[in-house]
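Listed below are the residues making up each chain.
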Amino acid sequence: MPKGIYKHIGRPLSESHKIKIGLANLGKKKSLEHRINMSKAQKGKKLSEETRKKISKALKGKMPKNLFQKGYTPWNKGIPMLEETKKKMSESRNGHIVTKETREKIRQGHLGIKFSEEHRKKLSGAKKGKYTGERASNWKGGLTSINHAIRNSLEYEEWRTKVFERDLYTCQDCGQIGGYLEADHIKTFSLYPELRFEVSNGKTLCKPCHKIKTREDLEQNWNEWYGKRNYGQFARLNVIGGIYG
Ligand SMILES: [Zn+2]
């Protein structure tokens, strides 16, 4: 028999026959080709309310709490995504802004994550006496909370709006119009406090372009910010590549 998907036609299968088929397939791994064919065969099909209820009942307690849970393999792993699907997904994300409510939900969700005793010990052991207080690589003399307050102030919001309006809500590096935009300080926020609310010192950037700019600022100003404290190259790469990225 040639390989492929065969629709069962004729008499409906008896319950015992279905169980037999199920048992015979237990533990068998389907080939990638087979899974692709199965996925194609299901395309565009809508499940009835009854079927969905059945599936949900059968999966109760078997589904992972999250997609990154150890040992969980997504059903579509290894199956190439159709170009059309990819396009649809990207379009639906374009200019997508996560609402405050959703962000709060995500945050709450993360709060619920509990690490194992062992993992927590590791975390606390790793931090002990190392990267806290003045020795922390991102320590800026306790300015973080002050900077945070400034960035959330009305004055700051007004400055940002003026920058956006002047730039017609367009990223000045790549030309993206609208979507998620940020106002960048051409001369940096921390080294030029007197220019923080100067509209001429502002520039509208989309998030990816702002990330690149921030990285460039960090590389340029590394010595002024961190050079006096004797951090190694590793810490520098960490800050430039990660925390502030
Ligand atoms: Zn951009």
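In this text, all values refer to a predicted model and were calculated from it rather than measured experimentally.

Glancing now at the overall build of the protein chain. Across its full length, the protein chain holds 10 helices and two strands. Residues counted as buried form 6% of the 245 residues belonging to the protein chain. When contacts within the protein chain are restricted to residue pairs at least 6 apart in sequence, those whose partners lie at least 24 apart make up 62%.

Turning to helix α8 (residues 154-166), a few remarks are in order. Between its first and last C-alpha, α8 extends 18 Å over 13 residues, near the 18 Å set by a 1.5 Å rise per residue. Taken from the residues just after α8, leucine 168 is the one with a positive phi, measuring 50°.

All right, on to the environment of lysine 187 then. Within the secondary structure, lysine 187 sits in the loop between β1 (181-185) and β2 (202-206). Remark: the alpha-carbon pair of lysine 187 and aspartate 217, spanning 30 residues in sequence, is separated by 8.9 Å. Once you skip the residues sitting within four places of it in the chain, lysine 187 turns out to touch Tyr192, Leu195 and Asn201.

Attention shifts here to the pairing of β2. In terms of residue burial, β2 counts as a mostly covered element, since four of its five residues are buried. In terms of strand pairing, β1 meets β2 through five bridges, oriented antiparallel. The residue bridging alanine 183 from the neighbouring strand is threonine 204, located in β2.

The nonpolar side chains of soluble globular proteins are, as a tendency, buried together. In this structure, Cys171, Leu181, Leu205, Cys206 and Cys209 together form the largest nonpolar core, which totals five residues. When near neighbours in sequence (up to four residues on either side) are disregarded, cysteine 171 contacts Gln176, Leu181, Thr204, Leu205, Cys206 and Cys209.

Attention now goes to unusual backbone geometry. In most cases, non-glycine residues show a negative phi, while peptide bonds are predominantly trans. Look at leucine 168: it is not a glycine, yet its phi comes out positive at around 50°. Within the fold, leucine 168 resides in the loop between α8 and β1. For leucine 168, a count of 9 C-beta atoms within 10 Å puts it in the exposed group. Even without being glycine, tyrosine 169 reaches a positive phi, approximately 50°. Structurally, the position occupied by tyrosine 169 is in the loop between α8 and β1.

With respect to the helices and strands, the residue glutamine 176 is situated in the loop between α8 and β1. Linking glutamine 176 and leucine 205, residues 29 residues apart in sequence, is a C-alpha distance of 8.4 Å. Residues in contact with glutamine 176, not counting those within four places in the same chain, are Thr170, Cys171 and Cys206.

Rules used throughout
- Residues numbered from 1 in each chain as written.
- Predicted model: local features only at pLDDT ≥ 70, side-chain atom pairs only at ≥ 80, totals over all residues.
- Helix = DSSP H or I, 4+ residues; strand = E, 2+ residues; numbered from the N terminus.
- Buried ≥ 20, exposed ≤ 12 C-beta atoms within 10 Å, placed from the backbone.
- Contact = placed C-beta atoms within 7 Å.
- Expected span 1.5 Å × (residues − 1).
- Pairing = 2+ DSSP bridges.
- Core = buried A, V, L, I, M, F, W, Y, C linked by C-beta atoms within 7 Å.

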